[in-house]
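Residue-level structure breakdown
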Amino acid sequence: ELGADIVMHSATKYLGGHSDLVMGALMVDNQDLAEKLHFIQFAGGGIAGPQDSYLALRGIKTLHIRMQRHSENGRAIADYLTRHEKVAEVFYPGLTTDPNHDIAKKQMKDFGGMVSFKLKDNSEKEVFRVLESFKVFTLAESLGGVESLVNHPETMTHASIPAVEREKIGISTSLIRLSVGIEDIDDLLKDLENALA
């Protein structure tokens, strides 16, 4: 509907939703392209097993209600962070101040649970202190599950990228990424408040 030839989706994340599945999906709106992709899949054997298929189907059954809660919680966390004295910047497409807000509004019904922010104190010591202070958010490299996770891109997901290149794309020492889950929002906000204190 938005003009893409192929949409590649990580079913591992929100579709599965429970951090127990590794799967992907390609969606097309062109029969010829679909047949070519099907041939490659058939020849290469990239077929999901029965247990993985079951887990994906189970996740899809609760996708709507989970995404509603991820989005509600993500929005509340982003709003909280924009007002916090120790936070320099918040990245969340649901914020009208986010540079990607307008395009996100065209593509999305709501804005999900991925929230990133930068601390004013860009020191590794302060970032690690914050990361180690979480009790509800778990330090992990995944995202999109029912549980809330916190990630430090500089030392985790993007550690293999040279520091100069990381800085060019905005991955500084103080950047923290949250995958906001579906837990009670009061618990999540309290955990964030305690970690930042």
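Below or above, wherever it landed, is the structure these notes cover. Sequence order as written defines residue numbering, which begins from 1 separately in each chain. Local features in this predicted model are restricted to residues of pLDDT 70 or higher, and side-chain atom pairs are both shown and tallied only at a pLDDT of 80 or more, whereas totals for entire chains, interfaces and linings draw on every residue. In computing side-chain properties, one takes all heavy atoms of the structure into account and sets aside hydrogens as well as water.

Once that is clear, we can look at the overall build of the protein. The helix count covers DSSP runs of H or I at least four residues long, the strand count covers runs of E at least two residues long, and both are numbered beginning at the N terminus. When helices and strands are tallied, the protein shows 8 helices and 7 strands. The principal-axis extent of the C-alpha atoms belonging to the protein is close to 55 × 40 × 30 Å. Classification of residues uses two cut-offs on accessible area relative to the type maximum, computed with a 1.4 Å probe and protein chains only: under 20% is buried, over 50% is exposed, and between them is partly exposed. Here the protein holds 197 residues, and the buried ones make up 36% of them. Note on contacts: a residue pair is in contact if any heavy atoms of the two residues lie within 4.5 Å. Put simply, 67% of the contacts in the protein that link residues at least 6 apart link residues at least 24 apart. The protein chains shown are the only cover counted for residues, whose accessible areas, like all others here, come from Shrake-Rupley with a 1.4 Å probe. Accessible surface, the protein: about 11,700 Å² in total, of which carbon and sulfur atoms supply 56%. Separation of charge centres in the protein, based on 21 positive and 29 negative side chains, amounts to 2 Å. Charged-residue counts in this description rest on Lys and Arg as positive and Asp and Glu as negative, His and the chain ends being excluded. In plain terms, the charge of a residue is placed at NZ if it is Lys, CZ if Arg, CG if Asp and CD if Glu.

Take the layout of surface pockets next. Each cavity reported here is a set of points on a 1 Å grid over the protein atoms alone in which a 1.4 Å probe fits but cannot get out, each pocket an open set with protein on both sides within 12 Å along at least five of seven lines, and each lining residue one with an atom within 4 Å of a point. Grid points are joined across faces, edges and corners, and a volume is the space filled by probe spheres set on the points. A volume near 780 Å³ is recorded for the largest pocket. Around the largest pocket, the lining is made up of 18 residues, and of these His9, Tyr14, Met67, Met108 and Asp110 lie nearest the centre. Among the elements of the structure, strand S1 (6-10), helix H1 (11-15) and helix H4 (63-82) are those that each provide at least two residues to the lining of the largest pocket. Looking at the lining of the largest pocket, the element that brings in the most residues is H4, giving 5 residues. What the second largest pocket holds in volume is close to 300 Å³. Residue lining of the second largest pocket: Gly24, Ala25, Leu26, Val28, Ala34, Leu37, His38, Ile40, Gln41, Gly46, Ile47 and Ala48, and that is the complete set. Going through the elements one at a time, strand S2 (24-28) and helix H2 (31-44) are the ones with two or more residues in the lining of the second largest pocket.

Turning our attention to the packing of aromatic side chains. Ring pairs shown here join Phe, Tyr and Trp side chains whose ring centres sit within 6.5 Å, with only the six-membered ring taken for Trp; geometry is labelled stacked below 30 degrees between planes, edge-to-face above 60, and tilted in between. Within this structure, the stated rule accounts for 2 aromatic pairs. With centroids separated by 6.5 Å and ring planes inclined at 70°, the aromatic side chains of Tyr92 and Phe111 adopt a geometry described as edge-to-face. Taken as a pair, Tyr92 in the loop between strand S3 (87-91) and helix H5 (101-107) and Phe111 in the loop between H5 and strand S4 (114-119) lie far apart in primary sequence, 19 residues in all. The exposure classification of Tyr92 matches that of Phe111, with both residues buried.

Treat this as a map of the structure, not an account of what it does.
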